Amino acid sequence: MIDEIYIFNEKSDLIFSYSGRRITKPEMVDRLKNLIGTLRDFLGRSFKDAPQIITLFEKKICINPLKIASNEYFYQVFLYDKLDSLNVIKKIGHKIAQLHPYTKEDIDKEIEHIIASHITKRSLSKIASGAILFVILSLIYLIDIHLYFTGGNIIGLLYFIITIVGILLIGLIIGNKKLSSIIPGLIALIMMPIYLYDFIFLARIDAYMSLILYLVWLSISYIFGWIGGSIIDSRRLYDSEGARLYLNLLRRFRIAEED
C-alpha cells in the first residue's frame, strides 16, 4: 500500500504531494528535499538513471526519476509497505506522471483510484484456503500415481497437469512468493510418510522410485507455488493489514524478509 507520494522538480522544490492519511507534514517535505539533494550530490548522473530504494523497518522510500517532454526531470518519492514490488511502484509512477500538470482539483481522487486498482488483499483466510487446496491436490497426486502405474497413462497425465495448475492457483491465492512456496513445501514434508506408505505398500512401487516420486512432488509444490506468488507480487500492491500480517509471518517463521 502506498501511504504518501511527493513529487519534486530538478531544483528539489515540491510541486505536488499526496497522502492517504490526508496529512502532509512540512518537516517530511524538508527531509525528503535534503535527501534528494544529498543523493544527487553523491551519485551524480546515475541518480537520474534508476530508482533509489531506502528501507525503513516496515516501510520503504522509493525515489523514482522521470524525464518529461521538456527534458526536465521529476523525482517521485513514494512511501510504501516493505513487501510491495518496485515493479508495481514504477507502473503507478508512470500513470501518475500522465496526470501532469498537477492542477486538477480532483487529482487526489484519481491517484486513490490508481492505487486502489493495483491492490490485492492478503489475509489469513487466503493462506488457509491455499493450504486446504494443497491438501486436496496432494490426494489428487496420490490418485494420479495409482492411475499411472495401473495403466491409465493418459488420465494420469491429465491429473498431473491439474495438480500443477492447482499449485499455481495456490500461489496466486496466497500472493507472496515466499509464503506461496514455503507453505506447500511444509505440507508436503509433513505428508511425506503418507506418500511413501501409499507408493510402497498400496501402489506397490519400489522404495527408490517412491522416493523419486515424492521428491518430484515436493519440488513442483515449491517451484510452482513460488511462480504463482511471484506473479501476484510483481503485479499487485499489498493492502495495509495484509502487508503487516505477511511481514510478521515471514519474521515468525524465520524466513528471510523481502528485499
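The written sequence of each chain sets the order in which its residues are numbered from 1. Selection of residues for local features in this predicted model requires a pLDDT of at least 70, selection of side-chain atom pairs for listing and counting requires 80 or more, and totals for whole chains, interfaces and linings are taken over all residues. Working from all heavy atoms in the structure, the side-chain values ignore hydrogens and water.

How should I be thinking about unusual backbone geometry in this particular structure?
Most peptide bonds take the trans form, and the phi angle of most residues other than glycine is negative. Positioned with a positive phi, serine 12 is a non-glycine residue whose angle comes to about 70°. Here a helix means four or more residues in a row that DSSP labels H or I, a strand means two or more in a row labelled E, and each is numbered from the N terminus. Relative to the elements of secondary structure, serine 12 occurs in the loop between β1 (2–8) and β2 (14–19). The buried category is assigned to serine 12, whose relative accessible area is 5%. Backbone geometry places arginine 204, a non-glycine residue, at a positive phi of 60°. Relative to the helices and strands, arginine 204 is located in the loop between α7 (192–202) and α8 (207–235). Whether a residue is buried, partly exposed or exposed follows from its accessible area with a 1.4 Å probe, protein chains only, as a fraction of its type maximum: under 20%, in between, or over 50%, in that order.

Teacher, can you tell me more about the sheet that holds β2 here?
Strands pair in a sheet through their backbones, by hydrogen bonds, and they do so in one of two ways: parallel or antiparallel. Two strands form a pair only when DSSP identifies at least two bridges running between them. Pairing is antiparallel in the open sheet, where 5 strands are placed in the order β2-β1-β5-β4-β3. Looking at which strands have only one partner, the edges of the open sheet turn out to be β2 and β3 (52–56). The mean angle between the axes of side-by-side strands here comes to 15°, regardless of whether they run parallel or antiparallel. One ladder, built from 9 bridges, connects strand β4 (residues 59–67) with strand β5 (residues 73–81); its direction is antiparallel. Note on β5: the bridge partner recorded for leucine 66 is phenylalanine 74. Working rule for contacts: check all heavy atoms of both residues, and any pair within 4.5 Å makes them a contact. To obtain an axis, a line is fitted to C-alpha atoms, over the contacting stretch when the element is a helix, and the angle between two such axes runs from 0 to 180 degrees between their N-to-C directions. Seen against the sheet, helix α1 (residues 26–43) touches β1, β2, β3, β4 and β5 and runs at an angle of roughly 60° to β1. Each of β1 and β2 is contacted by helix α3 (residues 107–116), which is oriented at about 60° to β2, the strand it contacts most.

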